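# Survey of secondary and tertiary structure
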Amino acid sequence: SGRVEYDFTDTRDFLTDTEIQDIEQDVFDFDRFFRRGFHSVLIIEETAGNTKNILNLGDVPTTFTSYTFDRIDMAGIRWDVRSERSDVMVLMVPGPLNPIIGQDVESSGVGLRQVTKFGNSKIGASWYFRETPILGLDAETNFANYGLKAEFGLTPKSALKRDIRSRADATASVFKAFRTVGDTIIRAEAFRIGPRYDASHAVTDNDDQDRYTDN
């Protein structure tokens, strides 16, 4: 099975890499629902027994972890292989075939993620490379009324030295927990982002000087 999706909320000039917003975000928050720009994606799905293959061509909004790969505005190829015990995701973000002279064009990117499932728990490993490599580990467990999740990211080339302290400066980590009490959900989150950690080629940022994206 397959489908094609299009989004015409904005108009993009691909030669000059500029956008014209047809719907202003300050009038009504369409950006939260439709993202931004012109998006198109072809999705092909195949199921064989307990294994499902999903191929995405075009816009590939996806997340490995919060620190290894989290972008909503990249175009490329995404291939998912999902089964009862494990999920594998391969991501390829090609650079432009005909780069424009005088513009800073990012190089191609490649990512790989594997998630192993154990009942109510999951353990994942992620790797993404676009000019600089980013490595990540994450674990998650969920029960009837509480859940725990932890993420860890490392950019080894950002470390000034190869000792433990310099490596720690090039890491980012977060621990999340939630618990339900009746109809109330209580959430807690603790995080640390090292001063040398660099996810600029893999994580969307904004100009608000915080760790949350506009969306």
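These numbers were taken from a predicted model, which means no experiment stands behind them.

When helices and strands are counted, the protein shows two helices and 15 strands. Put simply, the protein has 215 residues, and 27% of those count as buried. Across the protein, contacts joining residues at least 24 apart in sequence account for 44% of those joining residues at least 6 apart. Total accessible area on the protein is roughly 14,000 Å²; 56% of this is exposed by carbon and sulfur atoms.

Bridge count for strand E8 (residues 75-82) against strand E9 (residues 86-93) is six bridges, and the pairing is antiparallel. Across the sheet, residue Val 81 finds its bridge partner in E9, namely Val 88. Following E8, the chain reverses through three residues before pairing antiparallel with E9. Relative to strand E10 (residues 109-118), E9 runs antiparallel, the two sharing eight bridges. For Met 89, the partnering residue across the bridge sits in E10 and is Arg 113.

The rules we used
- Residues numbered from 1 in each chain as written.
- Predicted model: local features only at pLDDT ≥ 70, side-chain atom pairs only at ≥ 80, totals over all residues.
- Heavy atoms only, no water.
- Helix = DSSP H or I, 4+ residues; strand = E, 2+ residues; numbered from the N terminus.
- Buried < 20%, exposed > 50% of the residue type's maximum accessible area, 1.4 Å probe, protein only.
- Contact = heavy atoms within 4.5 Å.
- Areas by Shrake-Rupley, 256 points an atom, 1.4 Å probe, with all protein chains shown as cover.
- Pairing = 2+ DSSP bridges.

Distances and angles like these do not, on their own, reveal function.
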